[in-house]
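# Close look at the chain arrangement
One-letter residues, chain by chain:
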Amino acid sequence: MAEEKESTSIPLSLAENGGEDPTKSTPSSPNNSSTRKACCFVLQIWVSKKFMTGCVVLFPVAVTFFVTWWFIQFVDGFFSPVYAQLGIDIFGLGFITSLLFVFFVGVFVSSWIGSTLFSLGEWFIKRMPFIRHLYSASKQISAAISPDQNTTAFKEVAIIRHPRVGEYAFGFITSSVTLQGDNEDEELCSVFVPTNHLYIGDILLVNSKEIIRPNLSIREGIDVLK
């Protein structure tokens, strides 16, 4: 009796793959994995760089917008309660009124009556302790940037040796005086050295020859101290 041959069956999945077991397929190449990681790393750096660029561009815009908005609301709050009592609720009307108020104050003070009343008010303020120093320093700063320059304004930016040898201080020349000596006259300059953000400072008399005069305007000098 003829020996029967054992029939062997091949799974369909193996037949489609040419008889190879899918579980024994060739693993992915290490080079492909390294390429994907490099691409992801480059993409991450690019996204981070663009994000930081956006922050750098938008930060000054946001700060400017916030400060401007706060200033408008702050100034608007001076006269907004007055309009609220009258039943008028228009945003920005108080801000416009405040600007007009400042303008008319400038016109009034420029007149003889206004300047007289203003001088009388200064006379009282300058006799109040501590406040007189704050007012004098603030007035000197305002005079420095005022369109109407006067004798109390800053004349020039100065750098002097202060408080010890080898150290320097940033200040503003306000006036000068000449001392008459036996041999020659000595010119001394009154230099205002701010000690607290331009509002409070010391007045020093320094020899004109010992003052370093940088090529800066008064406005640029004030910006340096901000």
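Residues numbered from 1 in each chain as written. Predicted model: local features only at pLDDT ≥ 70, side-chain atom pairs only at ≥ 80, totals over all residues. Heavy atoms only, no water.

As annotated in an unreviewed UniProt entry, the protein carries the name Protein LIKE COV 2-like and comes from Carya illinoinensis.

The helix and strand inventory of the protein stands at six helices and four strands. For the protein, the sequential pattern of α-helices and β-strands runs α-α-α-α-α-β-β-β-β-α. Restricting to contacts in the protein with at least 6 residues of sequence separation, those with at least 24 account for 31%. Counting every atom, the protein has about 18,100 Å² of accessible surface; 64% of that belongs to carbon and sulfur. (Helix = DSSP H or I, 4+ residues; strand = E, 2+ residues; numbered from the N terminus. Contact = heavy atoms within 4.5 Å. Areas by Shrake-Rupley, 256 points an atom, 1.4 Å probe, with all protein chains shown as cover.)

Considering all chains together, one arrives at one salt bridge under this definition. For Arg213, the salt bridge is made with Glu156, and the minimal N-O distance between the two is 3.3 Å. One end of the pair, Arg213, is in the loop between β4 (200-207) and α6 (218-224); the other, Glu156, is in strand β1 (residues 156-161), with 57 residues separating them in the sequence. (Salt bridge = Lys/Arg side-chain N within 4 Å of Asp/Glu carboxyl O.)

Compared with the 24 Å implied by 1.5 Å per residue over 17 residues, the 24 Å span of helix α3 (residues 93-109) between its first and last C-alpha is a close match. Along α3, the residues classified as buried are Gly94, Phe95, Thr97 and Ser98. Down the axis of α3, the buried side of the element spans an arc of 160°, and every buried residue falls inside it. Turned more than 90 degrees away from the buried face of α3 sit Phe103 and Phe104, all of them exposed. (Expected span 1.5 Å × (residues − 1). Buried < 20%, exposed > 50% of the residue type's maximum accessible area, 1.4 Å probe, protein only. Arc of directions from axis to C-beta.)

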